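# Structural overview for review
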Amino acid sequence: MLTAIILSAIAMTLIVALRYLLASGIFAWATQKMRPGLYKGMRPQIRQEIRWSLLSAAIYGVPAGVIAWGWNNHGWTQIYSSVSDYPLWYWPLSIFLYLFAHDTWFYWTHRLMHRPKWFRIAHAVHHASRPPTAWAAMSFHPVEALTGAIVIPLLVFAIPIHVGALALVLTIMTVMGVTNHMGWEVFPCWLVHSRAGYWLITASHHQRHHDEYRCNFGLYFRFWDHLCKTDKGLADASWDQPASQH
Ligand SMILES: [Zn+2]
Ligand SMILES: [Zn+2]
(Lines give C-alpha, C1' and ligand atoms only; values in the text may rest on other atoms or scores of the structure.)
(Ligands and ions follow the chains in the order given, each with its own letter.)
Protein backbone atom coordinates (compact mmCIF):
# COMPACT_ATOMS: atom_id res chain seq x y z
CA MET A 1 0.00 0.00 0.00
CA LEU A 2 2.77 2.41 1.00
CA THR A 3 4.62 1.68 -2.25
CA ALA A 4 1.49 2.47 -4.24
CA ILE A 5 1.05 5.80 -2.42
CA ILE A 6 4.72 6.72 -2.96
CA LEU A 7 4.51 5.82 -6.66
CA SER A 8 1.35 7.89 -7.01
CA ALA A 9 3.05 10.87 -5.30
CA ILE A 10 6.07 10.56 -7.62
CA ALA A 11 3.80 10.33 -10.68
CA MET A 12 1.84 13.42 -9.63
CA THR A 13 5.05 15.35 -8.92
CA LEU A 14 6.25 14.56 -12.44
CA ILE A 15 2.89 15.57 -13.92
CA VAL A 16 2.86 18.89 -11.99
CA ALA A 17 6.49 19.58 -13.00
CA LEU A 18 5.80 18.80 -16.66
CA ARG A 19 2.62 20.87 -16.60
CA TYR A 20 4.61 23.80 -15.22
CA LEU A 21 7.44 23.45 -17.77
CA LEU A 22 4.96 23.13 -20.63
CA ALA A 23 2.69 26.04 -19.61
CA SER A 24 5.51 28.41 -18.67
CA GLY A 25 7.53 27.32 -21.71
CA ILE A 26 4.65 28.03 -24.10
CA PHE A 27 3.98 31.48 -22.63
CA ALA A 28 7.70 32.34 -22.42
CA TRP A 29 7.90 31.47 -26.11
CA ALA A 30 4.80 33.61 -26.79
CA THR A 31 6.46 36.45 -24.87
CA GLN A 32 9.47 36.23 -27.17
CA LYS A 33 7.13 36.57 -30.15
CA MET A 34 4.79 39.23 -28.73
CA ARG A 35 7.17 41.30 -26.59
CA PRO A 36 10.68 40.60 -27.94
CA GLY A 37 13.40 41.52 -25.47
CA LEU A 38 11.08 41.69 -22.45
CA TYR A 39 13.13 39.07 -20.57
CA LYS A 40 16.49 40.40 -21.78
CA GLY A 41 19.23 40.03 -19.17
CA MET A 42 16.91 38.09 -16.83
CA ARG A 43 18.45 34.64 -17.18
CA PRO A 44 19.80 34.43 -13.60
CA GLN A 45 16.36 35.37 -12.21
CA ILE A 46 14.59 32.91 -14.53
CA ARG A 47 16.95 30.14 -13.39
CA GLN A 48 15.93 30.86 -9.77
CA GLU A 49 12.25 30.95 -10.71
CA ILE A 50 12.51 27.52 -12.36
CA ARG A 51 14.42 26.08 -9.38
CA TRP A 52 11.83 27.24 -6.82
CA SER A 53 8.95 26.18 -9.09
CA LEU A 54 10.28 22.64 -9.53
CA LEU A 55 10.67 22.35 -5.76
CA SER A 56 7.06 23.52 -5.44
CA ALA A 57 6.04 20.82 -7.94
CA ALA A 58 7.20 18.16 -5.46
CA ILE A 59 5.27 19.84 -2.64
CA TYR A 60 2.13 20.05 -4.78
CA GLY A 61 2.63 16.51 -6.10
CA VAL A 62 2.66 14.64 -2.78
CA PRO A 63 -0.85 15.54 -1.48
CA ALA A 64 -2.17 15.32 -5.06
CA GLY A 65 -0.65 11.82 -5.34
CA VAL A 66 -2.28 10.65 -2.11
CA ILE A 67 -5.65 11.96 -3.32
CA ALA A 68 -5.26 10.33 -6.74
CA TRP A 69 -4.43 7.03 -5.06
CA GLY A 70 -7.38 7.29 -2.66
CA TRP A 71 -9.76 8.18 -5.46
CA ASN A 72 -8.62 5.30 -7.65
CA ASN A 73 -8.58 2.66 -4.97
CA HIS A 74 -11.16 3.53 -2.38
CA GLY A 75 -13.62 5.96 -3.87
CA TRP A 76 -12.52 8.47 -1.26
CA THR A 77 -13.22 12.09 -2.15
CA GLN A 78 -16.27 13.70 -3.71
CA ILE A 79 -14.86 13.49 -7.24
CA TYR A 80 -17.44 11.86 -9.55
CA SER A 81 -16.96 10.58 -13.05
CA SER A 82 -20.48 10.23 -14.43
CA VAL A 83 -21.94 13.60 -15.46
CA SER A 84 -25.44 12.35 -14.62
CA ASP A 85 -24.55 11.95 -10.92
CA TYR A 86 -25.48 15.62 -10.39
CA PRO A 87 -27.70 18.05 -12.32
CA LEU A 88 -26.00 19.62 -15.32
CA TRP A 89 -26.17 23.15 -13.86
CA TYR A 90 -24.00 21.96 -11.01
CA TRP A 91 -21.06 21.41 -13.40
CA PRO A 92 -20.26 25.13 -13.94
CA LEU A 93 -21.32 25.96 -10.36
CA SER A 94 -18.81 23.47 -8.95
CA ILE A 95 -16.04 25.13 -10.98
CA PHE A 96 -17.01 28.53 -9.60
CA LEU A 97 -17.16 27.16 -6.03
CA TYR A 98 -13.67 25.70 -6.33
CA LEU A 99 -12.22 28.89 -7.79
CA PHE A 100 -13.94 31.05 -5.19
CA ALA A 101 -12.84 28.84 -2.28
CA HIS A 102 -9.27 28.76 -3.61
CA ASP A 103 -9.34 32.52 -4.12
CA THR A 104 -10.59 33.10 -0.55
CA TRP A 105 -7.90 30.88 0.92
CA PHE A 106 -5.24 32.51 -1.23
CA TYR A 107 -6.32 36.08 -0.40
CA TRP A 108 -6.11 35.60 3.36
CA THR A 109 -2.96 33.50 3.40
CA HIS A 110 -1.38 35.97 0.97
CA ARG A 111 -2.17 38.85 3.32
CA LEU A 112 -0.62 36.87 6.15
CA MET A 113 2.45 36.27 3.96
CA HIS A 114 2.86 40.04 3.74
CA ARG A 115 3.26 40.35 7.51
CA PRO A 116 6.97 41.12 8.06
CA LYS A 117 7.76 37.82 9.79
CA TRP A 118 6.10 35.60 7.16
CA PHE A 119 7.40 37.76 4.36
CA ARG A 120 10.96 37.21 5.57
CA ILE A 121 10.48 33.49 6.15
CA ALA A 122 8.63 32.64 2.96
CA HIS A 123 7.02 35.17 0.65
CA ALA A 124 10.23 37.11 -0.13
CA VAL A 125 11.09 34.29 -2.54
CA HIS A 126 8.06 35.04 -4.72
CA HIS A 127 8.75 38.77 -4.68
CA ALA A 128 12.43 38.28 -5.52
CA SER A 129 11.16 38.20 -9.11
CA ARG A 130 11.30 41.86 -10.04
CA PRO A 131 9.54 41.97 -12.35
CA PRO A 132 8.25 38.38 -12.54
CA THR A 133 8.35 36.33 -15.76
CA ALA A 134 6.27 33.46 -17.15
CA TRP A 135 8.57 31.11 -15.21
CA ALA A 136 7.56 32.60 -11.82
CA ALA A 137 4.15 30.86 -11.78
CA MET A 138 5.13 28.43 -9.00
CA SER A 139 8.16 30.29 -7.66
CA PHE A 140 7.37 29.97 -3.96
CA HIS A 141 9.27 29.11 -0.83
CA PRO A 142 8.34 25.55 0.33
CA VAL A 143 6.37 26.96 3.29
CA GLU A 144 4.20 29.02 0.94
CA ALA A 145 3.98 26.18 -1.59
CA LEU A 146 2.59 23.99 1.20
CA THR A 147 -0.22 26.46 1.92
CA GLY A 148 -1.11 26.34 -1.79
CA ALA A 149 -0.71 22.58 -2.14
CA ILE A 150 -3.36 21.57 0.38
CA VAL A 151 -6.27 23.63 -0.98
CA ILE A 152 -7.55 21.47 -3.85
CA PRO A 153 -6.79 18.16 -2.05
CA LEU A 154 -8.94 19.36 0.88
CA LEU A 155 -11.71 20.72 -1.35
CA VAL A 156 -12.19 17.38 -3.10
CA PHE A 157 -13.32 15.95 0.24
CA ALA A 158 -15.81 18.76 0.83
CA ILE A 159 -17.33 19.85 -2.50
CA PRO A 160 -18.48 17.32 -5.15
CA ILE A 161 -16.90 17.90 -8.56
CA HIS A 162 -16.89 16.04 -11.86
CA VAL A 163 -13.44 14.83 -12.85
CA GLY A 164 -13.61 16.91 -16.07
CA ALA A 165 -14.58 20.05 -14.13
CA LEU A 166 -11.66 19.41 -11.80
CA ALA A 167 -9.34 19.17 -14.81
CA LEU A 168 -10.70 22.54 -15.98
CA VAL A 169 -10.10 24.10 -12.53
CA LEU A 170 -6.50 22.85 -12.62
CA THR A 171 -6.06 24.20 -16.16
CA ILE A 172 -7.42 27.63 -15.18
CA MET A 173 -5.12 27.59 -12.12
CA THR A 174 -2.10 26.78 -14.28
CA VAL A 175 -2.80 29.23 -17.10
CA MET A 176 -3.69 32.14 -14.79
CA GLY A 177 -0.63 31.44 -12.63
CA VAL A 178 1.60 31.82 -15.68
CA THR A 179 -0.16 34.65 -17.52
CA ASN A 180 -0.55 36.80 -14.39
CA HIS A 181 3.23 36.86 -14.02
CA MET A 182 4.51 37.02 -17.57
CA GLY A 183 4.86 40.82 -17.79
CA TRP A 184 2.24 41.66 -20.42
CA GLU A 185 -1.52 41.45 -20.76
CA VAL A 186 -2.73 38.50 -22.80
CA PHE A 187 -6.44 39.29 -22.43
CA PRO A 188 -8.06 41.86 -24.74
CA CYS A 189 -8.46 45.42 -23.57
CA TRP A 190 -12.27 45.27 -23.89
CA LEU A 191 -12.36 42.46 -21.32
CA VAL A 192 -9.77 43.80 -18.88
CA HIS A 193 -11.51 47.18 -18.71
CA SER A 194 -15.05 45.81 -18.76
CA ARG A 195 -17.53 45.20 -15.94
CA ALA A 196 -16.35 41.58 -15.83
CA GLY A 197 -12.79 42.88 -15.67
CA TYR A 198 -13.74 44.78 -12.53
CA TRP A 199 -14.19 41.39 -10.84
CA LEU A 200 -11.51 39.32 -12.58
CA ILE A 201 -7.78 39.23 -11.99
CA THR A 202 -5.45 39.26 -14.95
CA ALA A 203 -1.82 40.32 -15.38
CA SER A 204 -2.65 44.04 -15.27
CA HIS A 205 -3.97 43.56 -11.74
CA HIS A 206 -1.34 41.18 -10.33
CA GLN A 207 1.51 43.20 -11.83
CA ARG A 208 0.48 46.05 -9.52
CA HIS A 209 0.81 43.70 -6.54
CA HIS A 210 4.38 42.95 -7.59
CA ASP A 211 5.09 46.66 -8.06
CA GLU A 212 3.55 47.95 -4.84
CA TYR A 213 3.26 44.95 -2.47
CA ARG A 214 0.47 46.36 -0.26
CA CYS A 215 -2.51 45.93 -2.58
CA ASN A 216 -4.17 43.53 -5.03
CA PHE A 217 -3.77 40.32 -3.03
CA GLY A 218 -6.35 38.17 -4.84
CA LEU A 219 -5.83 35.18 -7.13
CA TYR A 220 -8.79 34.89 -9.57
CA PHE A 221 -11.37 37.43 -8.39
CA ARG A 222 -11.22 40.97 -7.06
CA PHE A 223 -14.06 40.30 -4.62
CA TRP A 224 -11.98 40.21 -1.42
CA ASP A 225 -9.75 43.06 -2.57
CA HIS A 226 -12.81 45.24 -3.22
CA LEU A 227 -14.48 44.22 0.04
CA CYS A 228 -11.38 44.82 2.16
CA LYS A 229 -10.40 47.97 0.27
CA THR A 230 -7.07 46.52 -0.85
CA ASP A 231 -7.84 46.86 -4.56
CA LYS A 232 -5.80 49.65 -6.13
CA GLY A 233 -6.92 48.93 -9.65
CA LEU A 234 -4.83 47.94 -12.63
CA ALA A 235 -1.16 48.69 -13.20
CA ASP A 236 -0.33 51.97 -14.85
CA ALA A 237 -1.13 51.87 -18.58
CA SER A 238 2.57 52.11 -19.44
CA TRP A 239 3.51 48.82 -17.74
CA ASP A 240 2.74 46.74 -20.82
CA GLN A 241 4.95 48.43 -23.35
CA PRO A 242 2.98 48.54 -26.59
CA ALA A 243 0.64 50.63 -24.43
CA SER A 244 -1.49 51.74 -27.35
CA GLN A 245 -3.23 48.34 -27.25
CA HIS A 246 -4.49 48.92 -23.71
ZN1 LIG B 1 2.73 36.87 -7.89
ZN1 LIG C 1 2.69 39.01 -2.43
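Residues numbered from 1 in each chain as written. Chains lettered and ligands numbered in written order. Predicted model: local features only at pLDDT ≥ 70, side-chain atom pairs only at ≥ 80, totals over all residues. Heavy atoms only, no water.

## Here's the deal with the environment of Leu-2
When you line up the elements, Leu-2 lands in helix H1 (residues 2–34). In the structure, Leu-2 is positioned 79 residues away from Ser-81 in sequence and 26 Å away in space, judged by C-alpha atoms. (Helix = DSSP H or I, 4+ residues; strand = E, 2+ residues; numbered from the N terminus.)

## Notes on the coordination of the zinc ion (ligand 1)
The zinc ion (ligand 1) binds to the protein through His-126 (NE2), His-181 (NE2), His-206 (NE2) and His-210 (NE2), with metal-donor distances spanning 2.0 to 2.1 Å. Coordination geometry of the zinc ion (ligand 1): the four donor atoms subtend angles of 91 to 162° at the metal centre, consistent with an arrangement described as irregular. Mapping the donors of the zinc ion (ligand 1) onto the primary sequence yields the spacing H-x54-H-x24-H-x3-H. A spacing of 5.9 Å is found between the zinc ion (ligand 1) and the zinc ion (ligand 2). Of the two residues, His-181 sits in the loop between helix H7 (163–179) and helix H8 (189–192) while His-210 sits in helix H9 (residues 203–212), which places them 29 residues apart along the sequence. For His-181, a relative accessible area of 5% puts it in the buried group. (Donors = N, O, S within 2.8 Å, 3.2 Å for Na, K, Ca; no water. Tetrahedral: all angles 85-135°; square planar, octahedral: opposite > 155°, others 65-115°. Buried < 20%, exposed > 50% of the residue type's maximum accessible area, 1.4 Å probe, protein only.)

## Examining the state of the cysteines
Tallied over the entire structure, the rule returns zero disulfides. Left without a disulfide partner, Cys-215 is nearest to the cysteine sulfur of Cys-228, which lies 13 Å away. (Disulfide = S-S within 2.5 Å.)

## Digging into a nonpolar patch on the surface
Residues Leu-2, Ile-6, Leu-7, Ile-10 and Leu-14 make up a contiguous nonpolar surface patch of about 510 Å² in total accessible area. Along the chain, the position of Leu-7 falls in helix H1. Assessed through its relative accessible area of 55%, Leu-7 is described here as exposed. (Patch = residues over 30% accessible without salt bridge, like charges linked within 9 Å, V, L, I, M, F, W, Y side chains within 5 Å. Areas by Shrake-Rupley, 256 points an atom, 1.4 Å probe, with all protein chains shown as cover. Salt bridge = Lys/Arg side-chain N within 4 Å of Asp/Glu carboxyl O.)

## Regarding the coordination of the zinc ion (ligand 2)
Taken together, the protein donors to the zinc ion (ligand 2) comprise His-110 (NE2), His-114 (NE2), His-123 (NE2), His-127 (NE2) and His-209 (NE2), at separations of 2.1 to 2.2 Å. Sequence spacing of the donors to the zinc ion (ligand 2): H-x3-H-x8-H-x3-H-x81-H.

## Here we look at the pattern of salt bridges
Tallied over the full model, the rule gives four salt bridges. Arg-208 serves as the salt-bridge partner of Glu-212, at 2.9 Å between the closest nitrogen and oxygen. In this pair, Glu-212 and Arg-208 are both assigned in helix H9, four residues apart and thus about one turn of the helix distant. What makes Glu-212 partly exposed here is its relative accessible area of 31%. In this structure, Glu-212 engages Lys-232 in a salt bridge whose closest nitrogen and oxygen atoms are separated by 2.9 Å.

## Looking at helix H5 (residues 142–149)
Among all positions of H5, only Glu-144, Ala-145, Gly-148 and Ala-149 are buried. Looking straight down H5, one finds its buried side chains confined to an arc of 140°; they lie on one side. Buried residues in H5 make contact with helix H2 (43–74), helix H3 (90–113), helix H4 (116–127) and helix H6 (151–158). (Arc of directions from axis to C-beta. Contact = heavy atoms within 4.5 Å.)

## Re the packing of aromatic side chains
Per the counting criterion, the structure on display carries 16 aromatic pairs. Ring geometry for Tyr-80 against Tyr-86: centres 4.6 Å apart, planes inclined by 40°, an arrangement best described as tilted. Tyr-80 sits in the buried class, given a relative accessible area of 6%. With a centroid separation of 6.4 Å and 25° between ring planes, the pair formed by Tyr-107 and Trp-224 is classed as stacked. Placement of the pair is Tyr-107 in helix H3 and Trp-224 in helix H10 (residues 223–227), with a sequence separation of 117 residues. The residues Tyr-107 and Trp-224 share a single accessibility class, namely buried. Cluster of aromatic residues (ring-pair linked, three or more members): Phe-96, Phe-100, Tyr-107, Trp-108, Phe-217, Tyr-220, Phe-221, Phe-223 and Trp-224. Its guanidinium or amino end placed over the ring of Tyr-198, Arg-222 lies 5.6 Å from that ring's centre, counting from NZ or CZ. (Phe/Tyr/Trp six-rings, centres within 6.5 Å; stacked < 30°, edge-to-face > 60°. Lys NZ or Arg CZ within 6 Å of the ring centre and 35° of its normal.)

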